[in-house]
Amino acid sequence: MKKIFLLLLFVLALNIDAQNEIDNTFSISAREIEAHKKMVALKLFSLSDASMHIGDIDSAINFLKKAIEYDSSIYLKEKLLRILFTNSIYDDNIRLLNEIVDIGESYYEKNSFSGKILFLIALASEQLEDFEKADKFYRLTLQTEKTMPHFIQFYRFKKQQGIQDSTLLSKALSLPWEEEKILIDIAELYGEFNPSKKLDILEKTYQKWNSEEVLTALLRIYDQQNDNQTALALLRKRLASISKISESLKSHFISLLFKESAFAEIVENQEICFASQIRDDLIYLMIAAWELEDFRLALKAVEQTLHSFELPNDVILELELNIIFFNIVLDKFEQAVEKIQDYNPKSDLVRLISKYSLKNITVYQEKLLATFSQLSLENNELANFLLLLFHWKFGEKETANSFFSKIKPAFIQEHKLNTLIASAHLDINDDIVAAEKILQNDPEIKENSEILIAQLLYELHKDSLAIHYLQNIFQTQKQPAPVLFILFSRYQDQINQTEYLQIMQKGVDLFPDNADILNSLGYFIADENLQDKFPLAEEMLSKATKLEPESIMIWDSYAWLQFRKGNYEQALAAMQIPLQYKIEHAEIAFHLAEIYWKLDVKEKALNFYQLVLQFADDEMMKELAQKKLDKFNK
């Protein structure tokens, strides 16, 4: 407040002084009068500037207006209109926009204007939605002062009016290239309709300025084109030069090397990874070193990752498992044993054996056994558990079998190993009784033990055992769990058709509102083309779509039933929900291909047959798709 008060006193004194100077002009020449006026204008301009600094915009505007009364220079007029326009943006002030137009037009009528003044009138008119006036003053601007920003803004204005006049961009490019940011802007505008021109402009801009901003824009294009090699070439050149390169671009360089499996080059640039603030760079280094069997470097990378970053628990567990692995292959058995004892959950340790592998598997087995031998000195029961896993996963079932009795139920329960040990019993001995007993010992999974056994048998590819197990449940239990019917449906190709229909009908009778069971039986009828049961399938699948209206699998089943019935238009209509998603399921792709083929929309049909070849595991389905493609291409 004190500053503003002093400023006002100064203004008052200045106005009196200025008036005295003007009143006494009879004693001085016209030239001296002009000099005095300019001096007053300069003082007023200074006051305007001071007002801007303290945030008093209204005073700043008033001082400038007063200054223009003493000195009508173009610079002061441009300054006034710029302040008005800037303030109108911040305050969304229509009054100020109208003032810009009114004042600016008065300058234009008096033939006291510049291209910048005309441009500000055009901008304000556009904001006021006076598009006819905006168009007029944009054109006058370009007649007066041809600059890249003026051409760009006029292009954008016309585009909003529905006119894409690319000649305006061409004319902008014909001017001297003096500002890279403006050229990036022009390139982006070209990118909306001419991507190759965008790339050409950015490449030439990068050659001229060699700036990281342009390089970043170029890299985005190469990423979209999956042109990793060109991107890598640019980044290699920049890294080798004295040009500045940001940490983010260094990180991008490492990620591109990883995409191209350039593991040796990642290792060569390991200092980038160790200095990076991005965890993935160290992960990429770890994997690259692992691929090259440089396990010391891999270990160093993973240890720094754990030390330097806050990580989700699942990532921490994965990395700690890697540390155990690297210590084992580096013969650091004591360190490996220490990590194994600390590691939880113990069930994940199976991945030391089943997931990881080396080229020389025999040597790896020996190192694992050496580790477990060291572990047995400190924790014999944990060692026995790992030896069971070891012999099981390496196919030595007879030896593995001898370790079941060496692992106490209390140890299994303490470390929640019930499901894993049950799986071992099923895989090694087909021993459902032993598996059930193990699962029953865990109160948390006891009630779902039958479901777990059925799932484990499916995962272990014990198909005949799984079918027999489920059949026995359906025969002996009055109300099996609904999910068991769903698991049973996975084996429909391996079961007598009559028996399958009977069991799944039982599921429908027991759980009439279970959409998955309804869908399983309805789809089976459609897929097997059991025409006498089509009305039953229609009833079940119609009900399922109402129970689960967003299920793509249920709508696919309903569409396939309509296809079988010859209702191809209805089949396509039923596929509208699946078509809202990216099609990555071979069966859905095949059904869509068949529907479009029947509707004689051959191009779409061929696209979906191609997807079948991409995603299908079923050889018969792939063969049918290939035949259609071959037939079309003849």
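Right, let's walk through the structure included here. The structure displayed is predicted, hence computed values, not measured ones.

### Quick notes on the layout of surface pockets
Piece 1. Approximately 1200 Å³ is the volume found for the largest pocket.
Piece 2. Taken together, the residues of the lining of the largest pocket break down into 14 nonpolar, 9 polar and 11 charged.

### Some thoughts on the nonpolar core
Piece 1. Counting 220 residues, the largest nonpolar core has Ile186, Phe325, Phe326, Leu349, Phe385 and Leu386 as the members making the most contacts within it.
Piece 2. Ranked by the residues each element gives to this core, the list is headed by helix H19 (residues 313–329), at 10 residues.
Piece 3. Discounting chain neighbours no more than four positions away, the residues touching Leu349 are Leu321, Ile324, Ile340, Tyr343, Leu382, Leu386 and Leu389.

### Topic: helix H13 (residues 228–240)
Piece 1. Between its first and last C-alpha, H13 extends 18 Å over 13 residues, near the 18 Å set by a 1.5 Å rise per residue.
Piece 2. Among the residues making up H13, those that are buried are Asn228, Ala231, Leu232, Leu234, Leu235 and Arg238. When H13 is viewed along its axis, its buried side chains cluster within an angular range of 160 degrees and face the same direction. Away from the buried face of H13 by more than 90 degrees, exposed residues Lys237 and Ala240 are located.
Piece 3. Close packing links the buried residues of H13 with helix H11 (195–209), helix H12 (212–224) and helix H14 (247–259).

### Re the packing of aromatic side chains
Piece 1. The tally for this structure, following the rule as stated, stands at 33 aromatic pairs.
Piece 2. Ring plane angle 65 degrees and centroid distance 5.7 Å describe the contact between Phe325 and Phe326, whose orientation is recorded as edge-to-face.
Piece 3. The buried category is assigned to Phe325, whose relative accessible area is 0%.
Piece 4. Through a chain of ring-to-ring contacts, the aromatic side chains of Phe474, Phe485, Phe488, Tyr500, Phe511 and Phe524 assemble into a single cluster.
Piece 5. Above the face of the Tyr458 ring, Arg490 is positioned so that its terminal group lies 4.3 Å from the ring centre.

### Quick look at the side chain of Asn322
Piece 1. Along the chain, Asn322 turns up in helix H19.
Piece 2. The exposure class assigned to Asn322 is buried, which follows from its relative accessible area of 3%.
Piece 3. Leave out the neighbours within four places in its chain, and Asn322 touches Met286, Trp290, Val302 and Tyr356.

### Some details on the packing of helix H6 (residues 115–127) against helix H8 (residues 148–160)
Piece 1. Where H6 meets H8, the closest approach of the two axes is 12 Å, and the angle between their N-to-C directions is 20 degrees. Accordingly, the angle class assigned to the pair H6 and H8 is roughly parallel. You can see that H6 and H8 cross each other, and the crossing is left-handed. Counted together, Gly115, Phe119, Leu123 and Glu126 of H6 and Pro149, His150, Gln153, Phe157 and Gln160 of H8 form the full contact between these two elements.

### A short note on the environment of Ile121
Piece 1. For Ile121, the location among the structural elements is in helix H6.
Piece 2. With a relative accessible area of 0%, Ile121 lands in the buried category.
Piece 3. Taking the C-alpha atoms as reference, Ile121 lies 73 Å from Pro535; in sequence the two are 414 residues apart.
Piece 4. Dropping the residues within four chain positions of it, Ile121 is found in contact with Ile100, Val101, Gly104, Glu105 and Phe137.

Reading guide: rules and limits
Residues numbered from 1 in each chain as written. Predicted model: local features only at pLDDT ≥ 70, side-chain atom pairs only at ≥ 80, totals over all residues. Heavy atoms only, no water. 1 Å grid on protein atoms, 1.4 Å probe; cavity = no way out; pocket = protein on both sides within 12 Å on 5 of 7 lines; lining within 4 Å. Points joined across faces, edges and corners; volume = space filled by probe spheres on them. Nonpolar A, V, L, I, M, F, W, Y, C, P; charged D, E, K, R; others polar. Core = buried A, V, L, I, M, F, W, Y, C linked by side-chain atoms within 4.5 Å. Buried < 20%, exposed > 50% of the residue type's maximum accessible area, 1.4 Å probe, protein only. Helix = DSSP H or I, 4+ residues; strand = E, 2+ residues; numbered from the N terminus. Contact = heavy atoms within 4.5 Å. Expected span 1.5 Å × (residues − 1). Arc of directions from axis to C-beta. Phe/Tyr/Trp six-rings, centres within 6.5 Å; stacked < 30°, edge-to-face > 60°. Lys NZ or Arg CZ within 6 Å of the ring centre and 35° of its normal. Axes fitted to C-alpha atoms, helices over the stretch in contact; angles between N-to-C directions. Parallel < 35°, antiparallel > 145°, perpendicular 65-115°, else oblique. Left-handed = near helix turned anticlockwise from the far one by under 90°.

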